[in-house]
Amino acid sequence: MILLTRRATFSASHYYWNPAWTEEQNEVVFGRCANRNGHGHNYTLEVTVTGQVEPVTGFVVDLKWLKDVIEREVMEVYDHRHLNLEVPEFASTIPTTENIAIAIWNRLATPVSAAGGATLSRVRVYETGDIFAEYRGETAEASL
């Protein structure tokens with residue numbers, strides 16, 4: 001098995017807000033991140049696929065194909081967007097780095113599997129150089 005990772009970057013804004021809570025409770029839990037005007041990040045995304053090297057091409061997957069899938073499924077939807085207001089996944093889910101990683105996994109798992117030969121292994125989203133969330137899917141989550 002080989003692990004192959006493709007990196008991409010996108011810029012997006014968001015805020016943290018639980019509509020079931022009072023304004024005061026949101027401010028206590030989320031602090032400045034509860035500001036409804038939002039704030040932005042330059043996110044770094046790492047998408048890792050795993051599989052066997054195809055002997056004829058030497059690829060696990062074609063990297064141009066993977067770049068195109070990431071562009072279509074993630075960048076066109078997330079880049080330069082206000083996640084809370086413009087991205088369907090976050091209409092009722094707080095766009096934390098953890099939830100962004102899960103949402104991106106959900107967008108990429110089917111196209112990667114459908115291509116044959118590889119499976120999605122990991123999605124890692126860096127909010128800053130020091131903070132990232134990594135998601136490995138439901139099966140990996142169950143084995144932790």
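Residues numbered from 1 in each chain as written. Predicted model: local features only at pLDDT ≥ 70, side-chain atom pairs only at ≥ 80, totals over all residues. Heavy atoms only, no water.

### Looking at the sheet that holds strand β5 (residues 132–135)
Sheets are built from strands that pair by backbone hydrogen bonding, the pairs being arranged parallel or antiparallel.
Here comes step 1: The strand order across the open sheet formed by five strands is β3-β1-β2-β4-β5, and the pairing between neighbours is mixed. Single-partner strands in this sheet number two, and they are β3 (81–82) and β5.
Here comes step 2: Across the sheet, helix α2 (residues 63–78) is in contact with β1 (2–14), β2 (39–51) and β3; its angle to β1 comes to roughly 20°.
Here comes step 3: Across the sheet, helix α4 (residues 97–115) is in contact with β1, β2, β4 (118–126) and β5; its angle to β4 comes to roughly 155°. (Pairing = 2+ DSSP bridges. Helix = DSSP H or I, 4+ residues; strand = E, 2+ residues; numbered from the N terminus. Contact = heavy atoms within 4.5 Å. Axes fitted to C-alpha atoms, helices over the stretch in contact; angles between N-to-C directions.)

### Considerations on the packing of aromatic side chains
Here comes step 1: Counted according to the given criterion, the structure contains seven aromatic pairs.
Here comes step 2: Geometrically, the ring pair formed by Trp21 and Phe30 is stacked, given 5.6 Å between the ring centres and 25° between the ring planes.
Here comes step 3: For Trp21, a relative accessible area of 28% corresponds to the partly exposed category.
Here comes step 4: Of the residues examined, Phe30 reaches a relative accessible area of 18% and is grouped as buried.
Here comes step 5: Through a chain of ring-to-ring contacts, the aromatic side chains of Phe10, Tyr43, Tyr78 and Phe90 assemble into a single cluster.
Here comes step 6: Directly above the ring of Trp17 sits Arg36, whose terminal nitrogen or CZ lies 4.2 Å from the centroid. (Phe/Tyr/Trp six-rings, centres within 6.5 Å; stacked < 30°, edge-to-face > 60°. Buried < 20%, exposed > 50% of the residue type's maximum accessible area, 1.4 Å probe, protein only. Lys NZ or Arg CZ within 6 Å of the ring centre and 35° of its normal.)

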